[in-house]
Amino acid sequence: QVQLVESGGGLVQAGASLRLSCAASRRTFSMSVIGWFRQAPGREREFVSAITWNSGATYYADSVKGRFTASRDNANEILYLQMDNLKPEDTALYSCAVQSRYSGRIRYAPDYDYWGQGTQVTVSS
């Protein structure tokens, strides 16, 4: 059963903004960390951003730092990723993922227990 649902992707020009959302659906698992990963065709999956659910501490890949902002809505259990000044190299399928309990790492994909289906972001020149 799909328990994480992403939305907000689309086709935009370079310099535009998008806001991605990741919502828990019929959740039966705990959430320690929720992260965003992305994968472009022919490329390896890479870490984008993450947030610790209780404290709100955020983490970013160097390539998006200063342009992307992660936040969360505790009451509705939604993770947001505000993406500003998008670049063509940001084009990828963006997926959210959950660490049920903290593994000690936040940037390593195999540490995450649950994954959404992804939302496509395409940035044109």
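Model, not experiment: these values are computed from the prediction.

**Q** It is not clear to me how the state of the cysteines should be interpreted in this structure. Could you clarify?
**A** Where two cysteines share a covalent bond between their sulfur atoms, that bond is called a disulfide. Summed over the entire model, instances satisfying the criterion amount to one disulfide. Residue Cys22 pairs covalently with Cys96 via a disulfide, S to S 2.0 Å. One disulfide, between Cys22 and Cys96, carries an S-S torsion of 60° and so falls in the right-handed class. Here Cys22 is found in strand β3 (residues 18–24), whereas its partner Cys96 is found in strand β9 (residues 92–99), with 74 residues between them in sequence. Note on accessibility: Cys22 and Cys96 belong to one class, buried.

**Q** Mind showing me how you'd approach the nonpolar core here?
**A** Nonpolar side chains tend toward joint burial in soluble globular proteins. Of all hydrophobic cores here, the largest spans 35 residues; its most connected members are Trp36, Phe68, Leu81, Met83 and Tyr94. Counting only elements with at least two residues in this core, the list comes to β3, β4 (33–39), β5 (46–52), β7 (68–73), β8 (78–83), β9 and β11 (119–124). The biggest single contributor to this core is β9, with five residues. Other than its neighbours up to four places away in sequence, Tyr94 contacts Glu6, Leu20, Trp36, Phe37, Arg38, Val48, Phe68, Met83, Gly118, Thr119 and Val121.

**Q** I tried to follow the sheet that holds strand β1 (residues 4–7) on my own but got confused; where do I start?
**A** Adjacent strands of a sheet form backbone hydrogen bonds with each other and so pair up, either parallel or antiparallel. Taken together, the four strands give an open sheet; going across it, the order is β1-β3-β8-β7, and neighbouring strands pair in antiparallel fashion. The sheet terminates laterally at β1 and β7, the two strands that pair on one side only. Across the sheet, the mean angle from the axis of one strand to that of its neighbour is 15°, orientation sign disregarded. Two strands pair when backbone bridges link them, and β7 and β8 are joined in this way by six bridges, in the antiparallel orientation. Bridging from a neighbouring strand, Phe68 pairs with Met83 of β8.

What counts, and where the lines are drawn
- Residues numbered from 1 in each chain as written.
- Predicted model: local features only at pLDDT ≥ 70, side-chain atom pairs only at ≥ 80, totals over all residues.
- Heavy atoms only, no water.
- Disulfide = S-S within 2.5 Å.
- Helix = DSSP H or I, 4+ residues; strand = E, 2+ residues; numbered from the N terminus.
- Buried < 20%, exposed > 50% of the residue type's maximum accessible area, 1.4 Å probe, protein only.
- Core = buried A, V, L, I, M, F, W, Y, C linked by side-chain atoms within 4.5 Å.
- Contact = heavy atoms within 4.5 Å.
- Pairing = 2+ DSSP bridges.
- Axes fitted to C-alpha atoms, helices over the stretch in contact; angles between N-to-C directions.

From the geometry alone we can't say anything about function, so treat these as descriptive.
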